[in-house]
Amino acid sequence: MNFRFEYAPGTVRYGEGCVAHLSDELDALGAERALVVTGQTVGTSEAVMDPIEAGLGETHAETFAETTPEKRLGTAFDGADRVEAVGADALVAVGGGSSLDIAKIVAVVAASEQSYDEIRATFEESGSIPAPDGDLLPIAVVPTTLAGADLSMIGGITARNDGLIRGGVYDERLMPDALFYDPELFRTTPHGVLCASAMNGFDKAVETLYANTATPITDGTAVRALAHLGDGLPALGEGDRDDETMHDAVVGTILAQYGCSRPDGLTLSLIHAFGHGIARGYDVQQGDAHGIIAPHALRYLFSEVDGNRELLAEGLGVEADTPDGMAEGIVESVIEVRDALGLSTRLRDISDMDESDLPDIAADVHADGLMPYCPEELDPTVEELEAVLREAW
C-alpha cells in the first residue's frame, strides 16, 4: 500500500471548562483582540457566552452575533466591517456550522484587497471566493453541535441574485488554529438540533472508511469514532446527557472528522453528496436528510463495491460471517442510530419536496463536488442515483 497523509489540524482542547483556556491559546497565536462570531440565539445564551467571555478575558474585543443558517455572504461582509472597527486580530467562532463557516469567510474577506462588490461579483460568477495570498486571521472554534464541521478547511457561503447561489472557499489556511470541545456547552443545544447534527457527524466516520482518499490513519480514527458514536448517539437520542454519553458523542465526533479535510482531498462522498442534493432548496435540516438517505445509499454502495465493510462492521460492532451479512448488519446499525436520534425516515415527509423533483435532485447529486471521493470502482449514473432516491421516497 502507498498513501500520502498531509494534515495540520489546530490544537484541540477537550473537557468541561476547557474554554477557560481561550486566552492562553490565542496568546500562543500572538492574538490580542478577538472578535467572537456567533448566531443570535447562541449569542444571547448566558450558559454559553459567560464562560467564553470569561475565558477570553481582556482578549474579548466584541461579539458579532449575526450569523444565520443561511450563511449569507452579506453577513461575512458585516463581520469583516466589525473586524476593522474593533481592530480584531483573531476570530472565535461559537455555535454550529453556520457560525464556523461565516468566521472562515470573514477571515478571507478581511484579508482581501478587493471591494465587497468585486468579491460578490466573483462569487456569483464562480461560486467561490479566492483566498488572498499571505496570512489570514487566526480562528479558534467552540462548537456546540455534533455535525463535525470543525476540523475542516472548507467555508460554505450563499448569496441571492435571481436565485440562490451556493459555494465557498477551500484553503488549508482555513483550518482552525485552536478547537475547544466543552461537553457542558453541547448540553445547552436543543435536543432536536443536537440529534440532527449528530447524524451528520456520524456519517463522516462511515464515509471516511470507504472514500478513495482513506488511509490507515483515518481508518483508525474512523473505527474508533464509530465505537464511541455507536454507544453515545442512541443514549443521546433518548435524552440522556450524562458524562459518559456526552463523552462518547463529543469525542466520537472529534475522531469522525480527524483527517477528513486535507489539502489533497476529503473523505466525504456518496452520503454527503446525497445530503447536499436533498437539503439544498428544501425545508429539511442537513442531518435529517442524512438520516433519510444513508441506509439507502449504503445498500446501493454495497451492491456495487466492498466499501471496506469489514472495518465498518468492526467499528459498529456488527458480527457476521459473510460479506452480505456484514453489509446488511452495517445498514441495520445505521438505521438503529437514525431511529434512536428520532430523525425522519422518508423523503415524502419533506413538506416542500415533490416526487417529480427526484430526477433534478439526482442530477444535482451526480454533479456534487464530493462524488469524486467515492470508492474508485463506484461510478454511479444519474439514473442509479435517482433509483436510490426513489427507494428513500
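Our subject is the structure that appears above.
Residues numbered from 1 in each chain as written. Predicted model: local features only at pLDDT ≥ 70, side-chain atom pairs only at ≥ 80, totals over all residues. Heavy atoms only, no water.

### Focus: the overall build of the protein
For the protein, the count of helices and strands is 16 helices and 10 strands. Taken along its principal axes, the extent of the C-alpha atoms in the protein is 60 × 50 × 45 Å. Every one of the 393 residues in the protein was classed for burial, and the buried ones make up 56%. A separation threshold of at least 6 residues defines the contact pool for the protein, and within that pool the share at least 24 residues apart is 80%. Surface accessibility of the protein: about 15,900 Å² in total, with carbon and sulfur atoms responsible for 44%. Computing the positive centroid from 23 side-chain charges and the negative centroid from 71, the protein places the two 3 Å apart. (Helix = DSSP H or I, 4+ residues; strand = E, 2+ residues; numbered from the N terminus. Buried < 20%, exposed > 50% of the residue type's maximum accessible area, 1.4 Å probe, protein only. Contact = heavy atoms within 4.5 Å. Areas by Shrake-Rupley, 256 points an atom, 1.4 Å probe, with all protein chains shown as cover. Lys, Arg positive; Asp, Glu negative; His and termini not counted. Charge placed at Lys NZ, Arg CZ, Asp CG, Glu CD.)

### Considerations on unusual backbone geometry
Positive phi outside glycine occurs at Lys 71, with the angle close to 50°. On the secondary structure map, Lys 71 appears in the loop between strand S3 (60-67) and helix H4 (73-86). A positive phi angle, close to 55°, is found at Asn 308, a residue other than glycine. Among the secondary structure elements, Asn 308 is positioned in the loop between helix H12 (286-304) and helix H13 (309-316).

### Considerations on the packing of H12 against helix H16 (residues 382-392)
At a minimum axis separation of 9 Å, H12 and H16 run at an interaxial angle of 135°. The orientation of H12 with respect to H16, classified from their angle, is oblique. Every pair of crossing elements has a handedness; the one defined by H12 and H16 is right-handed. Mapping the contact onto sequence places Ile 292, Ile 293, His 296, Ala 297 and Tyr 300 in H12 and Glu 384, Val 388, Leu 389, Glu 391 and Ala 392 in H16. (Axes fitted to C-alpha atoms, helices over the stretch in contact; angles between N-to-C directions. Parallel < 35°, antiparallel > 145°, perpendicular 65-115°, else oblique. Left-handed = near helix turned anticlockwise from the far one by under 90°.)

### Here's the deal with a negative patch on the surface
There is a patch of like negative charges on the surface, built from Glu 66, Asp 78, Asp 81 and Glu 84. Per element, the largest residue contribution to the negative patch is three residues, and it comes from H4. Take Glu 66: it is sitting in strand S3. (Patch = residues over 30% accessible without salt bridge, like charges linked within 9 Å, V, L, I, M, F, W, Y side chains within 5 Å. Salt bridge = Lys/Arg side-chain N within 4 Å of Asp/Glu carboxyl O.)

### Some details on the packing of aromatic side chains
Describing an aromatic ring pair means giving the distance of the ring centres and the angle of the ring planes. For the coordinates displayed, the defined rule picks out three aromatic pairs. Among the aromatic residues, those joined into a cluster by ring pairs are Phe 5, Tyr 7 and Tyr 258. (Phe/Tyr/Trp six-rings, centres within 6.5 Å; stacked < 30°, edge-to-face > 60°.)

### Section: the pattern of salt bridges
Tallying each qualifying case throughout the model produces 19 salt bridges. Among the ionic pairs, Asp 243 bridges to Arg 187, the shortest N-O distance being 2.9 Å. With Asp 243 in helix H10 (residues 243-257) and Arg 187 in the loop between helix H7 (183-186) and helix H8 (191-208), the pair connects residues that are 56 residues apart, well separated along the chain. In this structure, Arg 280 and Asp 364 form a salt bridge, with 3.5 Å as the shortest nitrogen-oxygen distance.

### Quick notes on the environment of Asp 78
Within the secondary structure, Asp 78 is located in helix H4. Judged by relative accessible area, Asp 78 falls into the partly exposed class, the value being 42%. Spatially, the C-alpha atom of Asp 78 lies 8.7 Å from that of Glu 66, the residues being 12 residues apart in sequence.

### Examining the packing of helix H15 (residues 358-366) against H16
Between H15 and H16, the shortest axis-to-axis distance is 8 Å and the interhelical angle comes to 125°. Classified by the angle their axes make, H15 and H16 are oblique. Once H15 is placed against H16, the crossing between them reads as right-handed. On H16, the residues that touch Leu 358, Pro 359, Ile 361, Ala 362, Ala 363, Val 365 and His 366 of H15 are Val 382, Leu 385, Glu 386, Leu 389 and Arg 390. Each residue belonging to the contact of H15 with H16 can be placed in one class, and the counts come to nine nonpolar, one polar and two charged. (Nonpolar A, V, L, I, M, F, W, Y, C, P; charged D, E, K, R; others polar.)

### Some remarks on the environment of Gln 40
Summarising the element assignment, Gln 40 is placed in helix H2 (residues 40-43). In sequence terms Gln 40 and Asp 81 are 41 residues apart; their C-alpha atoms lie 18 Å from each other. If near-sequence neighbours (up to four positions away) are discounted, Gln 40 is found in contact with Ala 65, Glu 66 and Thr 67.

### Let's talk about the pairing of strand S8 (residues 178-181)
The alternating pattern of S8 places Ala 178 and Phe 180 on one face and Leu 179 and Tyr 181 on the opposite face, and all of these are buried. Pairing of strand S1 (residues 11-14) with S8 involves four bridges; the strand directions are parallel. Within S8, the residue paired with Arg 13 across the bridge is Phe 180. In this sheet, S8 lies alongside strand S5 (residues 139-143) in parallel orientation, the contact comprising two bridges. Bridge pairing in S8 links Val 141 to Leu 179. (Pairing = 2+ DSSP bridges.)

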